[in-house]
Amino acid sequence: MFGGGVAADMNRYIEFADRLSAWFGKAFAWAIMVMTIGVGYEVIVRRLLGAPTSWAFDVSYIMYGTLFMMGGAYTLSRNGHVRGDFIYRLWKPRTQAMVEFVLYFIFFFPGVIALMVIGWRYAARSWGYGEVSVNSPAGIPIYQLKSVIAAAGILLFIQGIAQVMRCIKCMREGYWTFAPDDIEETEVKLMRGETAEVLQEAAAEGIDVTAPDRDGETRR
Amino acid sequence: MTDPQIALFMLGAFIFIIMLGFPIAFTLMAMGVAFGYYAYFDADRMWRTYHRAVENGADTWTLVETWVGGFFNNRIFDLFINQTFSVMANDVLTAIPLFLFMGYIVERANIVSRLFATLSIAARHVPGSMGVAALITCTLFATSTGIVGAVVTLMGLLAFPAMLKARYNIGFASGIICAGGTLGILIPPSIMLIVYAATSGVSIVQLYAGAMFPGFLLSGLYLVYIVVRSLLQPSVAPKPPKEEADIPVGRLLFLLLTSFFPLAILILAVLGAIFFGWATPSEAAAVGAVGGLVLAAAYRALTWQRLRESVYLTVRTTAMVCWLFVGSSTFASVFAYLGGEQVITEFVTGLDISPLEFLLLSQLIIFLLGWPLEWTEIIIIFVPIFLPLLPHFGIDPLFFGILVALNLQTAFLSPPMAMSAYYLKGIAPPFVQLVEIFRGSIPFLLLVLVAMVLVYVFPPIVYYLPNLLYAR
């Protein structure tokens, strides 16, 4: 169907998209620290010193909005968006890939393109008059938050192409290739048979815990 | 087809599409935009500039440009972007990443094994002591992290083998872990209630206050069941051998002071700040996250790797929940604009059913939806269909929300899609059969039902705290 060159190009593109999405997703993930510290600071100065800040509220939703929008493509590349997969999971990977391949064109790209194009127009208007938040007299600028819509759309578009390529790969090879990541939910790690540091350290603290009884022979 | 018929077709098509397994957030987005394009299609308005250009005899290039541009003049696009922005600037949803972050940090704070070990000793004279300790650990740990999968798998590796070693009945032990771990989505500060508050417009503070007693009622029912069953049928929960059970009171107190109380105080501080109006839920969540960091540092568990993990998992889970909101906000407004909401309201009010029958019917539908779907989709997409009907039947959305939250406990426990059971099966020794886990969960499922009936018959269980705190 394809020459080796095309397959290699696809692999390169998928890797590029995964890394791009992960880079942006992880970079903006740190907004949670800004949020935690900023809002925590507000609570302290307001309750203890009676001097509320004029910026903490705006900072909190700007950070939250940026965080989840910019994380959309990262989540997509790690297959983290919810699916109603009670039928899907019964299919063979090849069937899954075929159905998904078609659905990406009907149910992914139209919405994402609208995000990109119209989001761009919306942001341009906001930049045009240097829009600021109406929540406080501090005049916190929010045009950058409006640009996030278009930026998230662009990232999703790039990642979406990689996902379509994944479908093509899966249709040819018969199995899915997932993005490698060092970050996984605890239950995913544990169910894969990895050990939990969280559990091991109890013994070191001198507390008598019945160690998890995991036979070496029955588990890899 | 009339507009309302289109709306119903839209809903039907959506349900069909999600069964194909495509990510739901994007399906909602694309369907909202596509059906919205139809709903807001207005040829006069969209090609006004083009017609003006024709009248003015503009050059061919301008004509082509304005004609093509006309296709993008549909008002759905403005609606779509405005709805997206309103999700981004939603001050209720800001609490989600903060509570998730707190949860991921606490999950990694080396606390769960200590907690279970201490509680096992503290509860050693109670019948079914290990089961009781496991349930209390699950309840407290699940309340503070809110992440069902993590609680079930961690407790499945910690308490479950211990119970099996003590020759507990496999089904009984698995039921305790699964049901206990699932409590995290009910007892405040739970993410599920924030999501319900954002979709229903009910105050999150009042929802939290309303969910307190029902949450502890359910946990209490579980506890009573464990003790009573262990008393009546000692073979399911044999007493541990005597010799390891002796420990001085001072040592026990010290253990409790270093494991149970710090976590309990963190939770009570967060909830207290919310209930007494010292801080908004988002602010309390931020303080809770700081508290979680301090706790992790105190347990010498705050490593760079764990912080990174918590931060990156927070962004992934937040994106998962909030992109659903982005999709559903546009979808829902288009659905309502086409008159879909009204058709459903008219249909249901035309059925001539009593409020109780409506309540039973709606809870049954939500229960059934819980088989194939997860709580996120159910609350963000399907519960809003019932919300406009509540005033007609005189049902308080707060009360309805608590019932839904109780009901969705079953979604994790009942086959075919019992996530809690799958998590446990995933880490349990191979001789533990899925069927045994399911069988062990049945008594707990029935207790959820009992709790729902109790809440319905005695509404003060829900209303006592909100009334006391906010004089509703």
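Residues numbered from 1 in each chain as written. Chains lettered and ligands numbered in written order. Predicted model: local features only at pLDDT ≥ 70, side-chain atom pairs only at ≥ 80, totals over all residues. Heavy atoms only, no water.

Caption draft 1: View of the overall build of chain A. In terms of regular secondary structure, chain A is built from 8 helices and 0 strands. Helices (α) and strands (β) of chain A occur, in sequence order from the N terminus, as α-α-α-α-α-α-α-α. A total of 220 residues make up chain A; the buried ones form 49% of that total. (Helix = DSSP H or I, 4+ residues; strand = E, 2+ residues; numbered from the N terminus. Buried < 20%, exposed > 50% of the residue type's maximum accessible area, 1.4 Å probe, protein only.)

Caption draft 2: Geometry of the overall build of chain B. Summing up its helical and strand segments, chain B has 25 helices and 0 strands in all. Its C-alpha atoms give chain B a radius of gyration of 26 Å, within 12% of the compact-globule value 23 Å for 472 residues. For the C-alpha atoms alone, the extent of chain B along its principal axes is close to 100 × 55 × 50 Å. Expressed as a percentage of its 472 residues, the buried residues of chain B come to 62%. For chain B, long-range pairs separated by at least 24 residues make up 81% of all intrachain contacts whose partners lie at least 6 apart in sequence. If you sum the accessible surface of chain B, you get close to 17,300 Å²; carbon and sulfur atoms cover 69% of it. (Rg over C-alpha atoms; globule rule 2.2 N^0.38 Å. Contact = heavy atoms within 4.5 Å. Areas by Shrake-Rupley, 256 points an atom, 1.4 Å probe, with all protein chains shown as cover.)

Caption draft 3: Highlighting the interface of chain B and chain A. Opposite the 92 residues of chain B that make contact, chain A presents 88 residues. When chain B packs against chain A, the two sides together hide about 8,100 Å² of surface, and 72% of this comes from carbon and sulfur. Linking Glu283 of chain B and Arg46 of chain A is a salt bridge whose minimum nitrogen-to-oxygen distance equals 2.9 Å. There are 17 residue pairs in polar contact (both at pLDDT 80 or more) connecting chain B and chain A. Take the side of chain B that touches chain A: its biggest share by element is 19 residues, from helix 16 (residues 304-337) of chain B. For the side of chain B that touches chain A, the residue count by class is 61 nonpolar, 17 polar and 14 charged. (Buried area = accessible area lost by both parts, 1.4 Å probe. Salt bridge = Lys/Arg side-chain N within 4 Å of Asp/Glu carboxyl O. Polar contact = N/O pair within 3.5 Å; in protein donor to acceptor, adjacent residues only side chain to side chain. Nonpolar A, V, L, I, M, F, W, Y, C, P; charged D, E, K, R; others polar.)

Caption draft 4: Broad picture of empty space enclosed by the protein. All names here are of chain B. This model, assessed by the stated rule, comprises 5 cavities of 30 Å³ or more. Together, Gly370, Pro372, Leu373, Glu374, Trp375, Ala411, Phe412, Met417 and Met419 line the second largest cavity. Taken together, the residues of the lining of the second largest cavity break down into 7 nonpolar, 1 polar and 1 charged. (1 Å grid on protein atoms, 1.4 Å probe; cavity = no way out; pocket = protein on both sides within 12 Å on 5 of 7 lines; lining within 4 Å. Points joined across faces, edges and corners; volume = space filled by probe spheres on them.)

Caption draft 5: Here's a closer look at the packing of aromatic side chains. Under the counting rule described, the total for this entry stands at 42 aromatic pairs over all chains. Every member of this aromatic cluster is reached through a ring pair, and the members are Tyr64, Phe68, Phe101, Tyr104, Phe105, Phe108, Phe109 and Phe157 of chain A together with Phe22, Phe26 and Trp323 of chain B. Directly above the aromatic system of Phe85 of chain B lies the positively charged group of Lys146 of chain A, at a separation of 4.8 Å from the ring centroid. (Phe/Tyr/Trp six-rings, centres within 6.5 Å; stacked < 30°, edge-to-face > 60°. Lys NZ or Arg CZ within 6 Å of the ring centre and 35° of its normal.)

Caption draft 6: Here's a closer look at the side chain of Thr139 of chain B. Topologically, Thr139 of chain B is positioned in helix 9 (residues 129-145). For Thr139 of chain B, the contacting residues outside a window of four places in its chain are Gly180, Leu183, Ile187 and Ser219 of chain B.

Caption draft 7: Up close: the confidence of the model for chain B. Residue and element names in this part refer to chain B. For chain B, the average pLDDT comes to 90, and 99% of its residues sit at 70 or higher. For chain B, helix 3 (residues 43-46) is the element with the lowest average pLDDT, namely 85, and helix 21 (residues 397-407) is the one with the highest, namely 95. Interface confidence for the predicted complex, expressed as ipTM, amounts to 0.88; the pTM equals 0.90. (pLDDT = per-residue confidence, 0-100.)

Caption draft 8: Local environment of the environment of Thr349 of chain B. One can find Thr349 of chain B in helix 17 (residues 340-350). Considered as a pair, Thr349 of chain B and Phe393 of chain B are 44 residues apart in the sequence and their alpha carbons are 8.7 Å apart.

Caption draft 9: How the structure looks around the pattern of salt bridges. This structure, assessed with the given rule, holds 11 salt bridges over all chains. Here Arg316 of chain B makes a salt bridge to Glu184 of chain A, at a shortest N to O gap of 3.6 Å. A residue pair is termed interchain when its members come from two chains, as with Arg316 of chain B in helix 16 and Glu184 of chain A in the loop between helix 6 (143-173) and helix 7 (186-191). Glu184 of chain A matches Arg316 of chain B in its accessibility class, with the two residues each being buried. The partner of Glu107 of chain B in a salt bridge is Arg108 of chain B, with the nearest N and O atoms 3.3 Å apart. Taking the relative accessible area as the measure of exposure, Glu107 of chain B reaches 2% and is therefore buried. Taking relative accessible area as the criterion, Arg108 of chain B reaches 5% and is therefore assigned buried. Through salt bridges that share partners, Lys189 of chain A together with Glu107, Arg108 and Glu309 of chain B make up one connected network.

Caption draft 10: Up close: unusual backbone geometry. Residue and element names in this part refer to chain B. At the junction of Pro188 and Pro189, the peptide bond is cis and its omega measures out at 0° in the coordinates. You can see Pro189 is positioned in the loop between helix 11 (170-182) and helix 12 (191-200). Positioned with a positive phi, Arg167 is a non-glycine residue whose angle comes to about 65°. With respect to the helices and strands, Arg167 occurs in the loop between helix 10 (148-165) and helix 11. The exposure class of Arg167 is exposed, given its relative accessible area of 66%. One non-glycine residue with positive phi stands out, namely Arg300, at about 50°.

Caption draft 11: Expanded view of the environment of Thr53 of chain A. Residues and elements named next belong to chain A. Turning to its location among the elements, Thr53 is positioned in the loop between helix 2 (31-49) and helix 3 (56-70). For Thr53, the residues in contact, after removing those within four places along its chain, are Tyr41, Glu42 and Val45. Looking at Thr53, its side chain comes within polar contact range of the main-chain nitrogen of Ala56, at 3.2 Å.

Caption draft 12: Inspection of the packing of helix 9 of chain B against helix 11 of chain B at higher detail. All names here are of chain B. Helix 11 packs onto helix 9 with a crossing angle of 20° between their chain directions and a minimal axis gap of 8 Å. By the criterion of interaxial angle, the relationship of helix 9 to helix 11 is roughly parallel. In this structure, helix 9 crosses over helix 11, and the sense of that crossing is right-handed. Where helix 9 approaches helix 11, its residues Gly131, Ala134, Leu135, Cys138, Thr139 and Ala142 are matched on the opposing element by Ile176, Ile177, Gly180 and Gly181. Looking at the contact of helix 9 with helix 11 residue by residue, the classes come out as 6 nonpolar, 4 polar and no charged. (Axes fitted to C-alpha atoms, helices over the stretch in contact; angles between N-to-C directions. Parallel < 35°, antiparallel > 145°, perpendicular 65-115°, else oblique. Left-handed = near helix turned anticlockwise from the far one by under 90°.)

Caption draft 13: Examining the state of the cysteines more closely. If you walk through the whole model with that rule in mind, you get 0 disulfides over all chains. Of the cysteine sulfurs around Cys170 of chain A, a residue in no disulfide, the closest is that of Cys167 of chain A, at 7.4 Å. Left unpaired, Cys138 of chain B is separated from the closest cysteine sulfur, that of Cys178 of chain B, by 9.0 Å. Here Cys138 of chain B falls in the buried class, since its relative accessible area comes to 0%. (Disulfide = S-S within 2.5 Å.)

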